[in-house]
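# Remarks on the overall topology
Given next are the chains, with one letter for each unit.
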Amino acid sequence: MNDRTRRVRAPQVCAAALALCVCAGFAGAQDYPNRAIRMLVPFPAGGGSDTIARVTAQKLSASLGQQVVVDNRAGASGNIAAEIAAKAAPDGYTLMFANSSIAISPAVYTKLAFDPVKDLVPISMVSSYPFALVVHPALPVKSVKELVALAKDKPGTLTYSSAGAGTMSHLAMELFALRTGTKLTHLPYKGAAPASIGLMSGEAQVAFVVMPVAQVQINAGKLRGLAVAAKSRSAVVPQIPTLQEAGVADNEALQWNGLFAPAKTPPAILDRLYRDVIKALATAEVKQRFEAEGADPAGNTPKEFAAFFRAEAAKWADVTKRSGTKLD
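Residues numbered from 1 in each chain as written. Predicted model: local features only at pLDDT ≥ 70, side-chain atom pairs only at ≥ 80, totals over all residues. Heavy atoms only, no water.

### Some words on the overall build of the chain
Along the chain, the regular secondary structure elements total 12 helices and 10 strands. Its C-alpha atoms put the chain at 90 × 45 × 30 Å along the principal axes. In the chain, buried positions account for 46% of the 328 residues. When contacts within the chain are restricted to residue pairs at least 6 apart in sequence, long-range pairs at least 24 apart make up 78% of them. (Helix = DSSP H or I, 4+ residues; strand = E, 2+ residues; numbered from the N terminus. Buried < 20%, exposed > 50% of the residue type's maximum accessible area, 1.4 Å probe, protein only. Contact = heavy atoms within 4.5 Å.)

### A closer look at the layout of surface pockets
Approximately 880 Å³ is the volume attributed to the largest pocket. Lining the largest pocket are 38 residues, with N99, A163, A192, V210 and Q255 positioned closest to its centre. When residues of the lining of the largest pocket are traced back to their parent elements, those giving at least two are helix 2 (48–64), helix 4 (101–108), strand 4 (120–135), strand 5 (159–162), helix 7 (168–180), helix 8 (192–200) and strand 7 (206–210). Its residues assigned to classes, the lining of the largest pocket shows 20 nonpolar, 17 polar and one charged. Reported here for the second largest pocket is a volume of approximately 450 Å³. If you trace the second largest pocket, you find 22 residues lining it, with S128, P130, S234, A235 and D296 closest to the centre. In the lining of the second largest pocket, the residues fall into 11 nonpolar, five polar and six charged. (1 Å grid on protein atoms, 1.4 Å probe; cavity = no way out; pocket = protein on both sides within 12 Å on 5 of 7 lines; lining within 4 Å. Points joined across faces, edges and corners; volume = space filled by probe spheres on them. Nonpolar A, V, L, I, M, F, W, Y, C, P; charged D, E, K, R; others polar.)

### Quick notes on empty space enclosed by the protein
All chains considered together, the criterion is met by one cavity of 30 Å³ or more. Computed from the structure, the largest cavity encloses a volume of approximately 30 Å³. At the level of secondary structure, the elements contributing two or more residues to the lining of the largest cavity comprise helix 3 (79–86), strand 3 (94–99) and helix 4. Classifying every residue of the lining of the largest cavity gives five nonpolar, six polar and no charged.

### Describing the packing of helix 2 against helix 11 (residues 284–292)
Close contact between helix 2 and helix 11 brings their axes to 10 Å; oriented N to C, the two are set at 170°. Considering their axes alone, helix 2 and helix 11 lie roughly antiparallel with respect to each other. Touching T51, I52, V55, T56, Q58 and K59 of helix 2 are E285, V286, R289 and F290, all from helix 11. Class assignment of the residues belonging to the contact of helix 2 with helix 11 gives a composition of four nonpolar, three polar and three charged. (Axes fitted to C-alpha atoms, helices over the stretch in contact; angles between N-to-C directions. Parallel < 35°, antiparallel > 145°, perpendicular 65-115°, else oblique.)

### Details of the pattern of salt bridges
Tallied over the entire structure, the rule returns 11 salt bridges. Salt-bridge contacts for K315 lead to E312; the nearest nitrogen and oxygen are separated by 3.3 Å. Of the two residues, K315 and E312 are both situated in helix 12 (residues 302–323); the distance of three residues between them amounts to about one turn of the helix. The residue D318 makes a salt bridge to R322 at a minimum N-O spacing of 3.4 Å. Within this pair, D318 and its partner R322 are both found in helix 12, separated by four residues, close to a single helical turn. Judged by its relative accessible area of 36%, D318 is partly exposed. A residue is classified by how much of its surface remains accessible, and R322, at 48% relative accessible area, is partly exposed. It is possible to trace a salt-bridge network through shared partners that takes in R38, D71 and R73. (Salt bridge = Lys/Arg side-chain N within 4 Å of Asp/Glu carboxyl O.)

### Structural notes on unusual backbone geometry
In the segment running from Y32 into P33, the intervening peptide bond is cis, with an omega of -10°. Tracing the sequence through the fold places P33 in the loop between helix 1 (3–30) and strand 1 (37–41). Positive phi is not limited to glycine here, since A76 has a value of about 55°. Mapped onto the fold, A76 is located in the loop between strand 2 (68–72) and helix 3. In this structure A76 comes out as partly exposed when scored by relative accessible area, which is 42%.

### A look at helix 2
Compared with an ideal rise of 1.5 Å per residue, which puts 17 residues at 24 Å, helix 2 spans 24 Å between its outermost C-alpha atoms and is within 8% of the ideal. Those residues of helix 2 not exposed but buried are S49, D50, I52, A53, V55, T56, A57, L60, S61 and L64. At the C-terminal side of helix 2, G65 shows a positive phi close to 80°. (Expected span 1.5 Å × (residues − 1).)

### Considering the nonpolar core
Grouped together as the largest cluster of nonpolar side chains are 95 residues, with contacts concentrated most on L133, L147 and F176. Excluding residues that lie within four positions of it along the chain, F176 makes contacts with L133, V144, L147, V148, T182, F208, L243, V248 and N251. (Core = buried A, V, L, I, M, F, W, Y, C linked by side-chain atoms within 4.5 Å.)

### Some details on the side chain of S127
Assignment of secondary structure puts S127 in strand 4. Excluding anything up to four places from it in sequence, S127 contacts I52, Q255, W256, N257, F290, A295, D296, P297 and A298.

So, in structure tokens, the structure goes:
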């Protein structure tokens, strides 16, 4: 074989090899799934988000014809599970059921061994619920306007509770402070439950609380609701305005859950998973189960979810930078 023949055949060999890889990937996607699928869940068993993950896994098991096994890997604000997912084989047999903390982690942790925006691909948002801005009933404010006025009159004297530094409840208040030009003192607790107890006991005076908790405590008179951090009012507390209606623009804070796969997972597999998630979310059973946990079924396309996820990561990166929040 002369040099000219080698030069001509080399591109042909490369093209054939590429075609073979594409065909192999397509064939793998065609018979997907043919074994059990692991769904990594970054929170402990028994909580509301875990329940939503298990309901989703159960429905996917039925539609995919293979068991979707929930693997709880709690810890490090979800980073343990996310790193496992990011480094898993992109074959559709390892999925990540993440929540909104995954959009915050890159900003507050500088030594992550993965990049969730680059190493994970969004499939669909599964559920969401907004945070509500609430105050202790003893605080003499009945509106966001009155709260802002009091905070500006006494800078740094109002205290707010959160589930911990770098959590959504913390950064939601930091965003509120940036938008309103106020200064409040942070009281971080070790989890959402202790933070709520601290607020209801009067240790803290104000907080952003997830809607399932806020609804119960507002209706019981233990907390006063001032606003909802969402684009529209909540169906469970329709009397409470949004922050936008209350005069604070661009202050949305959602607790959301969504399904991700490792980057480079074949598009055909991602599409199959997306279609089955949307089918599950449309069922009356899932809607009822989610509603019992205080969550709304979501469901959006991979493209829509990816755009939302990038926007969330950018927003919270800006908030952490401007507030000086770092955890390592």
